[in-house]
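Understanding the architecture of this molecule
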Amino acid sequence: MTQSLATFLSLSIDGVAYGMLLFLISVGLTVTLGVMRVVNLAHSAFAMIGGYFTLWAMQRAGLDFFVALLVGVLGTMVLGAVLERTLYRWVYTANGLGQLLMTIGLAFIICAIAKHLAGTELQTIPVPQGLRGTWDFGAFSVSVYRIFALVCSAVVAFGIWLGLERTSFGAKLRAAVDNPRMARCVGIDVPLVFSITFAIGCGLSGLGGALSSQILPLEPYYGLKYLVLVLIVVAAGGLGSLRGSLYAGLLLGLIDTLGRYYVPALGAFMIYLAVLAILLIRPQGLVGRA
């Protein structure tokens, strides 16, 4: 195997892992925006919250990485459920512009609180010894942690699809969104379904924020800095399409990783060119419907 081919394979694996993490961070917004019809621009802030919860659980409580990861996800879900029961009840009844203004305002507030509590320095979550280093396959090598993150994201993606398409809860959610009045008539607790869905979306975002801290470090302005990445994954994939968000995350992760290496003059701009091309060809997204 030539060195150039080995480099390409290594970069491709890194790109796929990065794309899966983008999907994991974005999938909660895919659910809330595409399924629940809620414009939640504070979504990336929940990824930051999950990352900080995980980091603090390791630093201050001395918990193991995997236990701290679970604490971070559950903590983000609880906070999301509380905010859904209070603030987001107002958001549901607002129009699109109202939802946008209220949630971006919430993102600014969360970022300000994070700056006060965590400071301004960049932070990453330390990973256990078993997830460090690389696996060597002849002429090329891959990061053990990237493989771990890729597998976790793939398992979550399958679990979400299974939950929405093959369970009674998924059927109740679709019914509650399509016709909430009729759903109430057949005994579905629509507010409870929305609360659970929103909390799960926040938890998934928190998981993505914690797992991706090696690539996207934690910082107080995380919720605003990476909001664009989340939005372009959802838009390029197609609103409400889990499959589309998966495809978009993988494609954009590959383009960004390979572009930074092979076309360094353009750098991070490659991902925006790719999104522009996708939306020009398919304005509804990769899998979205017109």
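Each residue is numbered by its place in its chain's sequence as written, counting from 1. Thresholds applied to this predicted model are a pLDDT of at least 70 for local features of residues and 80 or more for the giving and counting of side-chain atom pairs; totals over whole chains, interfaces and linings are not thresholded and use all residues. Think of the side-chain values as coming from all heavy atoms in the structure, minus any hydrogens and water.

In the nomenclature of an unreviewed UniProt entry, the protein is known as Inner-membrane translocator of Pandoraea sputorum. UniProt positions are given in the numbering used here, feature names are shortened, and annotations may be inferred rather than shown by experiment. In UniProt, the protein has this text filed under Sequence similarities (unreviewed entry): "Belongs to the binding-protein-dependent transport system permease family. LivHM subfamily."

Moving on: the pattern of salt bridges. For salt bridges, the criterion is a side-chain nitrogen of Lys or Arg within 4 Å of an Asp or Glu carboxyl oxygen. A full pass over the atoms with the stated rule returns three salt bridges. For the salt bridge of Lys225 with Glu219, the shortest nitrogen-to-oxygen distance reads 3.0 Å. Buried residues are those whose accessible area, probed at 1.4 Å on protein chains only, stays under 20% of the maximum for their type, while exposed residues exceed 50% and partly exposed ones sit between those limits. Owing to a relative accessible area of 49%, Lys225 belongs among the partly exposed residues under this scheme. Note that Asp256 is salt-bridged to Arg260, the shortest N-O span being 3.1 Å. You can see Asp256 and its partner Arg260 sitting in helix H12 (residues 242-262), four residues apart, about one turn around the helix. According to the relative accessible area criterion, Arg260 is partly exposed, its value standing at 46%. Only DSSP runs of H or I with at least four residues qualify as helices, and only runs of E with at least two residues qualify as strands; both kinds are numbered from the N terminus onward.

Our focus in this paragraph is the packing of aromatic side chains. Working definition: rings of Phe, Tyr and Trp (its six-membered ring) pair if their centres are within 6.5 Å, and the pair is stacked with planes under 30 degrees apart, edge-to-face with planes over 60 apart, and tilted otherwise. Using the criterion set out here, one finds eleven aromatic pairs in the structure. Judged by centre distance (5.9 Å) and plane angle (45°), the ring pair of Tyr145 and Phe148 falls under tilted. Taken together, the residues span about one helical turn, with Tyr145 and Phe148 both in helix H6 (residues 144-165) at a distance of three residues. One exposure class covers both Tyr145 and Phe148, and it is buried. For the ring pair Tyr222 and Tyr226, a centre distance of 4.8 Å and an interplane angle of 70° mean the geometry is edge-to-face. Per residue, the accessibility class of Tyr222 equals that of Tyr226, and both read buried. Counting every residue linked through ring pairs, the aromatic cluster contains Phe65, Phe66, Tyr145 and Phe148.

Below, the discussion takes up the nonpolar core. One finds Phe46, Tyr52, Phe65, Tyr88, Leu211 and Tyr222 to be the most contacted residues of the largest nonpolar core, which totals 75 residues. The leading source of residues in this core is helix H2 (residues 43-59), at ten residues. Residue contacts follow a heavy-atom distance rule, with two residues in contact if any of their heavy atoms lie within 4.5 Å. Those residues within four positions of Tyr52 in sequence are excluded, and the remaining contacts are Ala114, Ala118, Gln123, Leu218, Glu219 and Pro220. Nine residue types can take part in a nonpolar core, namely buried Ala, Val, Leu, Ile, Met, Phe, Trp, Tyr and Cys, and a core is a set of them joined through side-chain atoms within 4.5 Å.

In this section: the side chain of Ser213. Tracing the backbone shows Ser213 in the loop between helix H9 (190-211) and helix H10 (222-225). On the basis of relative accessibility, which here comes to 0%, the residue Ser213 falls in the buried class. Setting aside its immediate chain neighbours within four residues, Ser213 contacts Thr124, Ile125 and Leu218.

In this section: the side chain of Glu84. Mapped onto the fold, Glu84 is located in helix H3 (residues 65-85). Leave out the neighbours within four places in its chain, and Glu84 touches Arg89, Tyr92, Phe194, Ser195 and Phe198.

Take the UniProt feature "transmembrane region" (unreviewed entry) in the protein next. Mapped onto this structure's residue numbering, the UniProt feature "transmembrane region" (unreviewed entry) falls at residues 15-34, 41-59, 65-88, 100-118, 138-164, 185-206, 226-254 and 261-281. Split by type, residues 185-206 is 82% helix and 0% strand. Its first and last C-alpha atoms lie 34 Å apart. Here residues 226-254 is 83% helix and 0% strand, with 17 Å between the C-alpha atoms at its ends.

Looking now at the packing of H2 against H9. Helices that pack against each other are described as a pair by the angle of their axes relative to one another and the distance between those axes. Geometry is summarised by axes, namely lines fitted to C-alpha atoms with helices restricted to the contacting stretch, and by angles between N-to-C directions that run from 0 to 180 degrees. One way to put it is that H2 packs onto H9 with a least axis distance of 7 Å and a crossing angle of 60°. Taken together, H2 and H9 sit at an angle that is classed as oblique. By crossing handedness, the relation of H2 to H9 is classed as right-handed. Of the residues in H9, those touching H2 at His43, Phe46, Ala47, Gly50, Gly51 and Thr54 are Phe198, Gly201, Cys202, Ser205, Gly206, Gly209 and Ala210. Residue classes in the contact of H2 with H9 are distributed as five nonpolar, eight polar and no charged. In these notes the angle categories are as follows: under 35 degrees is roughly parallel, over 145 is roughly antiparallel, 65 to 115 is roughly perpendicular, and the rest is oblique. Left-handed describes a crossing whose near helix is turned anticlockwise from the far helix by less than a right angle; the clockwise case is right-handed. Under this grouping Gly is polar, as are all residues other than the nonpolar Ala, Val, Leu, Ile, Met, Phe, Trp, Tyr, Cys and Pro and the charged Asp, Glu, Lys and Arg.

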